[in-house]
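Analysis of the macromolecular model
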Amino acid sequence: MREMMRAAFVIARRDFTAVVLSRTFILFLLGPLFPIVIGMAFGGLGDRISSTDLRPVVGLAMPAADAARMERAQGRLAERMGEKALPVLRRVPEAPAPRVQLAKADADMVVIVSGSPSRPIITGQPADVQRLEGDISLIASAAMAERSLHMVHVEPQIVATSVGAQTQGRLIIGRIAQIVIFFLTILLAGMILSNLVEEKTNKIIEILAAAVPVDAIFLGKLMAMLAMSFVGIAFWGGTAFAVFLALKPPGAGLPEPAIGWPVFLMLAVIYFAMAYTLLGSLFLGIGAQAATVREVQTLNMPVTMGQMLIFFFATYAVDKMGSPPEVAAVILPFSSPFAMIARAAQVDSLWPHLLAIGWQAIWVGLIIRIGVLLFRRHVLKSGGGWWKQLFRSATG
Amino acid sequence: MIGAPTPTYAVEGHGLVKTFGDFRAVDGIDIAVPAGSIYGVLGPNGAGKTTLLRTLLGIVDPDEGRRTLLGDAAPLRQARNVGYLPEERGLYPSMKACEAVAFMGALRGLPLKIGRERARAMLADYGMGAAADKPIRALSKGMAQTVQLFGTIVHEPRLIVLDEPFSGLDAFNQGKLEALIREQAKRGVTVLFSTHVIAHAERLCERIAIVASGRVRFEGTVAEARDRLRPQVRLRTRMSDGPWRHALPAETLADDGAWHFPLPLEGIEPLLRALLDGNAGIESLSIERPGLHDAFVAIAGEAAARQMQDDQTQEEAA
């Protein structure tokens, strides 16, 4: 075992330095930041679009006094509800009839309200009428009440803790952690698919296979890719934390996960490592069968779809702690890290995590062994019976 | 590594069989490589040499039979004591030459620092000091092969296995490689190599195994192989005919004004006497010991020998 770990470390060190010291690694580090920057830019633009242009415009085809009452009522309601919650009101001539005005080529109103505040008539397409009917009714009611409509004062009573809010917050933390781990895994594990192609195309595989157990080759490659992903995570995490500190509104805080932030973060790293090595060992086993980069690309699609399925299964169970689907997600090795990080956010006991990590580690070992067996059988054209090979010593 | 107890045979294989589908690449081979010897596995391409070496090294498992490497039935357990140069050369193209040598040593347990020091020294001794910090992709094919060869021996193994080591090398580098193999053998290292070039085996090997169609057709010393054939007599006479002709063996062939025949079992004296008595007029008479090539033809067959020749011609053309 010691010899195998030593050999795995030699291979890991080679792979790690080959990747990290290459120029393309800078692109790899900066790559995930591009969509974030673009997203932020388009997000800001989107905010502007949604706050101005996308609010529906309602034409008021009423006498001036009635239109003014409607506008005042909308203003008072907007003070409490926010402008974005109500449509934009715009006065339009009472004639011609609303249906004629809506049919004009330059019309920009969605619906036209005619009649009076006590008896408003809304003209528009069925879906628009249905969507805006409630808003117009609310504005017209407020216009009718006008001076007698008093906004009741709500007295705030501040408490330090709210279990409901805490539960909600922890659920959100669990979901976010799942998503982050999933995206990091999908981003990084895919690279493992093509990992052995270099050795095969450069014919180095025979030198490796003659010198060290194939298990050590697989393990070394996983270790290297994991170490490389930690470099990426440290960079991206540091950047995200700096952005969070810079953009965080004053007084804003994060809800505490059930298990506490330090343990939660440590578990997040461990579960990422487990999710990564579980999928990575599977990918390595599959990718090792491929002879060319093209074959690897063909394999990529079904493998990614499989990842998505596992992730959806784990997220489905996140708000159902202790339910059969959640327990199944915890037991199923590939969904286990995702299910367990959500559990860490919501449940404070530590021992299930120790159990789960051990369970996942067993599966990593088993999947590596199966990958090695397949590799020996199909690539090296070696090996006898399945069971004999699965449990034989790595050094043969 | 040298100094550990050495078994009588560095490599042993008994009844080895390896099949790929219906094809028996290795078909019941017995082999025993004495420790400290230079041992050649000779045969045409496709004879099963590479599969035999890979089976002995533990890269592939045999379907039948057993093997030991330096006395160990699990070959990979002896990885630190073995150096292997595969037929298909392979190195990481972006790796520096010095690092590549050290990496190959590290795979077999040599600390990287020592590996780097030794790599620099080896490259410098070989006149390749300037290439030490160059990436493999910047080296010529011959230089890259040399780097890989150094990677095979940098950890000072007790057994070196070379699969077609001369393939792709020019005559100058082939000579250097032969010298290197002899130098390793002098240090007590066992060298097992495969080749389809008879001349290398003849010059280097103490023992050889002639392999054809997955089977060992001959195993023994080069001298033993050559002794399988009787020495050839080449006789040139002034007279073309006479009673002395009856003294020539039945299998005598006439070629270019000379007689060729195997040395008679009773020796040369009776024939000489007949030639002198019959006034044949001996111009020249030579007794030549057969070469390994002749022995190979006799052992493996004309077809295998012709294929070996073709393999060599193709390689030289390439």
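Structural data are supplied above this passage.
All of these numbers come straight from a predicted model, not from anything done at the bench. (Residues numbered from 1 in each chain as written. Chains lettered and ligands numbered in written order. Predicted model: local features only at pLDDT ≥ 70, side-chain atom pairs only at ≥ 80, totals over all residues.)

A look at the overall build of chain B
- Of the regular secondary structure elements, chain B holds 10 helices and 13 strands.
- The principal-axis extent of the C-alpha atoms belonging to chain B is close to 80 × 45 × 40 Å.
- Across the 318 residues in chain B, those meeting the buried criterion constitute 43%.
- Considering only intrachain contacts with a sequence separation of at least 6, the fraction spanning at least 24 residues in chain B is 73%. (Helix = DSSP H or I, 4+ residues; strand = E, 2+ residues; numbered from the N terminus. Buried ≥ 20, exposed ≤ 12 C-beta atoms within 10 Å, placed from the backbone. Contact = placed C-beta atoms within 7 Å.)

Details of the overall build of chain A
- Of the regular secondary structure elements, chain A holds 16 helices and 4 strands.
- Taking 396 residues into account, the globule formula puts the C-alpha radius of gyration at 21 Å, and chain A, at 30 Å, lies well above it.
- Taken along its principal axes, the extent of the C-alpha atoms in chain A is 95 × 50 × 40 Å.
- Across the 396 residues of chain A, 35% fall into the buried class. (Rg over C-alpha atoms; globule rule 2.2 N^0.38 Å.)

Section: the sheet that holds strand β2 (residues 23-34) of chain B
All names here are of chain B.
- A sheet is described by the order of its strands in space; here 3 strands give the open sequence β2-β1-β4, paired in antiparallel fashion. Strands with a single pairing partner mark the edges of an open sheet, and in this sheet they are β2 and β4 (64-69). Strand-to-strand, the axes of this sheet are offset by a mean angle of 15°, without reference to chain direction. (Pairing = 2+ DSSP bridges. Axes fitted to C-alpha atoms, helices over the stretch in contact; angles between N-to-C directions.)

Observations concerning the sheet that holds strand β1 (residues 57-61) of chain A
All names here are of chain A.
- The 4 strands are arranged β2-β1-β3-β4 in an open sheet whose pairing can be described as mixed. Edge positions in the sheet fall to β2 (88-91) and β4 (119-123), since each has one partner strand and no second. Pairs of neighbouring strands in the sheet enclose a mean axial angle of 30°, with direction left out of account.
- Helix α6 (residues 126-145) contacts β1, β3 (111-116) and β4 of the sheet and is inclined by roughly 155° relative to β4.

Examining the environment of A:Ala317
All names here are of chain A.
- Within the secondary structure, Ala 317 is located in the loop between α12 (293-316) and α13 (324-331).
- Its 23 C-beta neighbours within 10 Å are what place Ala 317 among the buried residues.
- Sequence separation between Ala 317 and Trp 261 is 56 residues; the distance between their C-alpha atoms is 22 Å.
- Not counting residues within four places of it along the chain, the set of residues in contact with Ala 317 comprises Ser 323, Pro 325, Glu 326, Ala 329 and Ala 339.

Observations concerning the interface of chain B and chain A
- Facing 25 residues of chain B, the contacting portion of chain A comprises 22 residues.
- Counted by class, the side of chain B that touches chain A contains 17 nonpolar, 3 polar and 5 charged residues. (Nonpolar A, V, L, I, M, F, W, Y, C, P; charged D, E, K, R; others polar.)

Regarding the packing of helix α11 (residues 261-287) of chain A against helix α14 (residues 336-346) of chain A
All names here are of chain A.
- Relative to each other, α11 and α14 sit at 175°, their axes nearing to 9 Å. One element, α11, and the other, α14, form an angle in the roughly antiparallel class. The segment α11 lies against α14, with Phe 264, Leu 267, Ala 268, Tyr 271, Met 274 and Ala 275 engaging Pro 337, Phe 338, Met 340, Ile 341, Ala 344 and Ala 345.
- Residue composition of the contact of α11 with α14, grouped by class: 12 nonpolar, no polar and no charged. (Parallel < 35°, antiparallel > 145°, perpendicular 65-115°, else oblique.)

Comments concerning α13(A)
All names here are of chain A.
- Those residues of α13 that sit buried are Glu 326, Ala 329 and Val 330. Angularly, the buried residues of α13 cover 100° about the axis, an arc narrow enough to put them on a single face. For α13, the exposed residues lying more than 90 degrees away from the buried face are Pro 324 and Ile 331. (Arc of directions from axis to C-beta.)

Concerning the pairing of β4(A)
All names here are of chain A.
- Side chains Pro 120 and Ile 122 of β4 all project onto a buried face; the interleaved residues Arg 119, Ile 121 and Thr 123 project onto a face where none is buried.
- Relative to β4, β3 runs antiparallel, the two being bridged by 5 bridges. Pairing of Ile 112 across the sheet is with Thr 123, part of β4.

A short note on the nonpolar core
- Ranked by size, the top nonpolar core spans 151 residues in total, and within it A:Ile181, A:Ile341 and B:Val101 carry the most contacts.
- In terms of residue count, α11(A) provides more of this core than any other element does, 14 residues in total.
- Non-local contacts of A:Ile181, meaning those with residues more than four positions away in its chain, are made with A:Ala268, A:Tyr271, A:Phe272, A:Ala275, A:Pro337, A:Phe338 and A:Ile341.
- Judged by nonpolar contacts, the second largest core, of 22 residues, contains A:Ala67, A:Leu77, A:Val111 and A:Ile136. (Core = buried A, V, L, I, M, F, W, Y, C linked by C-beta atoms within 7 Å.)

Notes on the environment of A:Arg90
All names here are of chain A.
- Structurally, Arg 90 can be placed in strand β2.
- Residue classification places Arg 90 among the partly exposed residues on the basis of 14 C-beta atoms within 10 Å.
- Separated by 33 residues in the primary sequence, Arg 90 and Val 57 place their C-alpha atoms 6.9 Å from one another.
- The contact partners of Arg 90, leaving out residues within four places of it in the chain, are Val 57, Gly 59, Leu 60 and Met 109.

Side note on α12(A)
Residues and elements named next belong to chain A.
- Between its first and last C-alpha, α12 extends 35 Å over 24 residues, near the 34 Å set by a 1.5 Å rise per residue.
- Of all the bends in α12, the greatest, near 30°, is centred on Asn 300, and the proline Pro 302 appears no more than four residues after it.
- Listed in full, the buried residues belonging to α12 are Val 296, Gln 307, Ile 310, Phe 311 and Ala 314.
- Looking at the buried positions of α12, the neighbouring elements they touch are α7 (163-193), α8 (197-201), α11, α13 and α14. (Expected span 1.5 Å × (residues − 1). Bend = angle between axes of the 7 residues up to and from the residue.)

With respect to unusual backbone geometry
- With an omega dihedral of -5°, the bond running from A:Ala95 to A:Pro96 counts as a cis peptide bond.
- With respect to the helices and strands, the residue A:Pro96 is situated in the loop between β2 and α5 (98-103).
- For B:Leu70, which is not glycine, the phi torsion reads 50° and is therefore positive.
- For B:Leu70, the position within the fold is in the loop between β4 and β5 (82-85).

Thoughts on the packing of helix α10 (residues 214-247) of chain A against α11(A)
Residues and elements named next belong to chain A.
- Put simply, α10 and α11 touch, their axes get as near as 10 Å, and they point 135° apart. Viewed along their axes, α10 and α11 adopt a mutual orientation that is oblique. Along this stretch, α10 crosses α11, giving a crossing that reads as right-handed. Listed contacts from α11 to Phe 218, Lys 221, Leu 222, Met 225, Leu 226 and Ser 229 of α10 are Ala 273, Tyr 276, Thr 277, Gly 280, Ser 281 and Leu 284.
- Looking at side-chain class alone, the contact of α10 with α11 contains 7 nonpolar, 4 polar and 1 charged residues. (Left-handed = near helix turned anticlockwise from the far one by under 90°.)

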